[in-house]
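Notes for the structure review
Each chain, letter by letter, is given below.
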Amino acid sequence: MALAGNELYLPISFLPPLSGNKFYYHEVIGFKTVDANLGYIGTIDRIIDQSSQAIFVVRNKDKEILIPISDEIIKKVDRMNRTIEVETPDGLVDIYL
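Residues numbered from 1 in each chain as written. Predicted model: local features only at pLDDT ≥ 70, side-chain atom pairs only at ≥ 80, totals over all residues. Heavy atoms only, no water.

Some remarks on the sheet that holds strand S2 (residues 39–48)
- The sheet built from six strands is open, its strands ordered S4-S3-S2-S1-S6-S5 with mixed pairing. Looking at strand neighbours, the two that pair on one side only are strand S4 (63–68) and strand S5 (74–78), the edges of this open sheet. Averaged over all pairs of adjacent strands, the angle between strand axes in this sheet comes to 35 degrees, irrespective of strand direction.
- Of the pairings in the sheet, the one linking S5 to strand S6 (residues 83–86) comprises four bridges and is antiparallel in character. Considered in S6, the bridge of lysine 76 is made with glutamate 85. (Pairing = 2+ DSSP bridges. Helix = DSSP H or I, 4+ residues; strand = E, 2+ residues; numbered from the N terminus. Axes fitted to C-alpha atoms, helices over the stretch in contact; angles between N-to-C directions.)

Right, here's the structure in full:
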């Protein structure tokens, strides 16, 4: 059992394509983030996935905005235009800007 206890990685090309609002974290890096009420708020710089709640780190000039990744917040993933539409809770974005 030479592989027992070791991590195994598959090439990204082996992942099945996702549709709708489902996405792989690596595929949305660089997507624009547009809030339903505030408009464009920034570009996804990275994703923090080291706690029970995954978080988008959205870059807006020299600021970072942290947005929880949840079905309640994500309204639309537009792969063609590389955009994610969100509806953040009132005041969340204001905390960072």
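There's more to say after this.
Notes on the packing of aromatic side chains
- Evaluation of the coordinates by the stated rule reveals two aromatic pairs.
- For the ring pair phenylalanine 23 and tyrosine 25, a centre distance of 6.3 Å and an interplane angle of 45 degrees mean the geometry is tilted.
- Residue class for phenylalanine 23 comes out buried when judged on its relative accessible area of 12%.
- Ring geometry for phenylalanine 23 against phenylalanine 56: centres 5.9 Å apart, planes inclined by 25 degrees, an arrangement best described as stacked. Remark: phenylalanine 56 occurs in strand S3 (residues 55–60) and phenylalanine 23 occurs in the segment before strand S1 (32–35); sequence separation between them is 33 residues. Phenylalanine 56 matches phenylalanine 23 in its accessibility class, with the two residues each being buried.
- Among the aromatic side chains, those forming a connected cluster through ring pairs are Phe23, Tyr25 and Phe56. (Phe/Tyr/Trp six-rings, centres within 6.5 Å; stacked < 30°, edge-to-face > 60°. Buried < 20%, exposed > 50% of the residue type's maximum accessible area, 1.4 Å probe, protein only.)

Quick notes on the nonpolar core
- Membership of the largest hydrophobic core comes to 18 residues, with the highest contact counts inside it found for Val28, Ile44, Phe56 and Ile84.
- Where this core is concerned, the elements lending two or more residues are S2, S3, S4, S5 and S6.
- With three residues, S2 is the single largest residue contributor to this core. (Core = buried A, V, L, I, M, F, W, Y, C linked by side-chain atoms within 4.5 Å.)

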